Amino acid sequence: MDFTFVTLFPNLVNPYFEDSILLRAKKSGAVRIDCVNPRDFSLDKHKKVDDYKAGGGAGLLMSAQPLWDAFKSIGEEAYFIFPSPAGKSFSQNDAKRLSKKKHIVFVCGRYEGIDERVVETYADEVFSIGDFVLTGGELASLCMCDAISRMVENVLGNEESLLEESFENTLLEAPSFTKPNVCDGLSIPSDFLKGNHAIISGLKNRMAHAKTYFHRPDLYKIVKNKRNYYAK
Ligand code: ADE
């Protein structure tokens, strides 16, 4: 799967793919990462990529022309995602759905944002990664790219771990434990050590419910409603 980051700051993006799972994915060819810098497409003699807001207002906007030409160089078949605090909230379901695309382009805004005509023309989807404002779209794009990449075939290696993790079935993932069995006086719940898989899976299910109820009551409401729906 191909990912292109349209960014004025490729040095913020490239290092993320120089270690761990995503480096391995890049080396195996499961994902390809590429950065395109709109500054390289600026027709301005000083390579300017920003300008004042039409009608006034604080701050600068990314101008349309360098972005427009950068996109043309990428090819218009790709799927264009614009990270923005004004977008819809990015979820695990989006990650799963988008992992089936061939080529995703993340358009990383800087300054006070991007000329709206560019968004209107090119955005297939606009996503926010949370109700807070970052200094630019790079970090948000990396978060989404990471979540999407791990759903791509041959990236994780142990694909069955995807089935058990948080947000599958709407519940958060149950707590897990590893050796030693007692650590600083705290024991692993004894049922985990008895080797009875039916008991362990029942316990994990109850723990997943308790954890979701405690940490994410908003999600838990959805679980309960789903149950009622199926009970009807
Ligand atoms: N750009 C700036 N803040 C952002 C956010 N919260 N989500 C996505 N893109 C952003």
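Residues numbered from 1 in each chain as written. Predicted model: local features only at pLDDT ≥ 70, side-chain atom pairs only at ≥ 80, totals over all residues. Heavy atoms only, no water.

1. Topic: the domain arrangement of the chain
Now for step 1: Parsing the chain into structural domains produces domain 1 (2-149) and domain 2 (166-231).
Now for step 2: A straight line from the C-alpha centre of domain 1 to that of domain 2 covers 36 Å. (Domains from an automatic or database assignment.)

2. Digging into the site of the ligand
Now for step 1: Residues in close proximity to the ligand include Pro83, Ser84, Pro85, Phe127, Ser128, Ile129, Gly130, Phe132, Val133, Leu134, Gly136 and Ala140, which together make up its full environment.
Now for step 2: One of the backbone N or O atoms of Ile129 is found 3.0 Å from a nitrogen atom in the ligand.
Now for step 3: One of the backbone N or O atoms of Leu134 is found 3.0 Å from a nitrogen atom in the ligand.
Now for step 4: Out of a free accessible area of 260 Å², the ligand has 95% covered by protein chains.
Now for step 5: With respect to the pocket detection grid, the ligand is positioned in the largest pocket.
Now for step 6: Residue assignment for the shell around the ligand shows that the elements contributing at least two residues are strand S5 (79-89) and strand S7 (125-128).
Now for step 7: The greatest single-element share of the shell around the ligand, amounting to 3 residues, is contributed by S5. (Near = heavy atom within 4 Å. Polar contact = N/O pair within 3.5 Å; in protein donor to acceptor, adjacent residues only side chain to side chain. Areas by Shrake-Rupley, 256 points an atom, 1.4 Å probe, with all protein chains shown as cover. 1 Å grid on protein atoms, 1.4 Å probe; cavity = no way out; pocket = protein on both sides within 12 Å on 5 of 7 lines; lining within 4 Å. Sits in = over half its atoms within 2 Å of the grid points. Helix = DSSP H or I, 4+ residues; strand = E, 2+ residues; numbered from the N terminus.)

3. A word on the pairing of strand S6 (residues 103-107)
Now for step 1: Within S6, 4 of the 5 residues are buried, which leaves the element mostly enclosed by the surrounding structure.
Now for step 2: Examined bridge by bridge, strand S1 (residues 2-6) and S6 share 5 bridges and lie parallel to one another. Bridging from a neighbouring strand, Thr4 pairs with Val105 of S6. (Buried < 20%, exposed > 50% of the residue type's maximum accessible area, 1.4 Å probe, protein only. Pairing = 2+ DSSP bridges.)

4. Remarks on the packing of aromatic side chains
Now for step 1: Summed over the entire model, instances satisfying the criterion amount to 12 aromatic pairs.
Now for step 2: For the ring pair Phe3 and Phe106, a centre distance of 6.2 Å and an interplane angle of 10 degrees mean the geometry is stacked. Taken together, the residues span a long stretch of sequence, with Phe3 in strand S1 and Phe106 in strand S6 at a distance of 103 residues.
Now for step 3: For Phe3, a relative accessible area of 1% translates into the label buried.
Now for step 4: Taken together, the aromatic side chains of Phe3, Phe5, Tyr16, Phe17 and Phe106 make up a single cluster linked through ring pairs. (Phe/Tyr/Trp six-rings, centres within 6.5 Å; stacked < 30°, edge-to-face > 60°.)

5. Let's talk about the layout of surface pockets
Now for step 1: A volume near 520 Å³ is recorded for the largest pocket.
Now for step 2: If you trace the largest pocket, you find 25 residues lining it, with Pro83, Ser84, Pro85, Gly109 and Gly113 closest to the centre.
Now for step 3: Taken together, the elements giving at least two residues each to the lining of the largest pocket come down to S5, helix H5 (116-122) and S7.
Now for step 4: In terms of residue count, S5 provides more of the lining of the largest pocket than any other element does, 5 residues in total. (Points joined across faces, edges and corners; volume = space filled by probe spheres on them.)

6. What about the pattern of salt bridges?
Now for step 1: For the structure on display, the rule yields 12 salt bridges.
Now for step 2: A salt bridge links Glu18 to Lys26, with the shortest nitrogen-to-oxygen separation between them at 2.7 Å.
Now for step 3: A residue is classified by how much of its surface remains accessible, and Glu18, at 45% relative accessible area, is partly exposed.
Now for step 4: The class of Lys26 is partly exposed, set by a relative accessible area of 29%.
Now for step 5: In this structure, Arg110 engages Glu138 in a salt bridge whose closest nitrogen and oxygen atoms are separated by 2.9 Å. Of this pair, Arg110 sits in the loop between S6 and H5 while Glu138 sits in helix H6 (residues 138-149), and the two are 28 residues apart along the sequence. As far as the burial class goes, Arg110 and Glu138 line up, both buried.
Now for step 6: A cluster of three or more residues bridged by salt bridges with shared partners is formed by Lys88, Asp94, Arg97 and Glu125. (Salt bridge = Lys/Arg side-chain N within 4 Å of Asp/Glu carboxyl O.)

7. What about unusual backbone geometry?
Now for step 1: For the peptide bond that leads from Lys179 to Pro180, omega is 0 degrees, which places it in the cis range.
Now for step 2: By the secondary structure assignment, Pro180 is in the loop between helix H7 (161-164) and strand S8 (182-183).
Now for step 3: Its identity as a non-glycine residue notwithstanding, Ser20 has a phi of 60 degrees, on the positive side.
Now for step 4: Mapped onto the fold, Ser20 is located in helix H2 (residues 20-28).

8. Topic: helix H8 (residues 197-215)
Now for step 1: The first and last C-alpha atoms of H8 sit 26 Å apart over 19 residues, in line with the 27 Å expected at 1.5 Å per residue.
Now for step 2: Within the span of H8, buried status applies to Ile200, Leu203, Ala208, His209 and Thr212.
Now for step 3: Two to three positions downstream of the cap, the backbone nitrogen of Ala198 sits 3.1 Å from a side-chain oxygen, assigning the N-cap of H8 to Asn196. (Expected span 1.5 Å × (residues − 1).)

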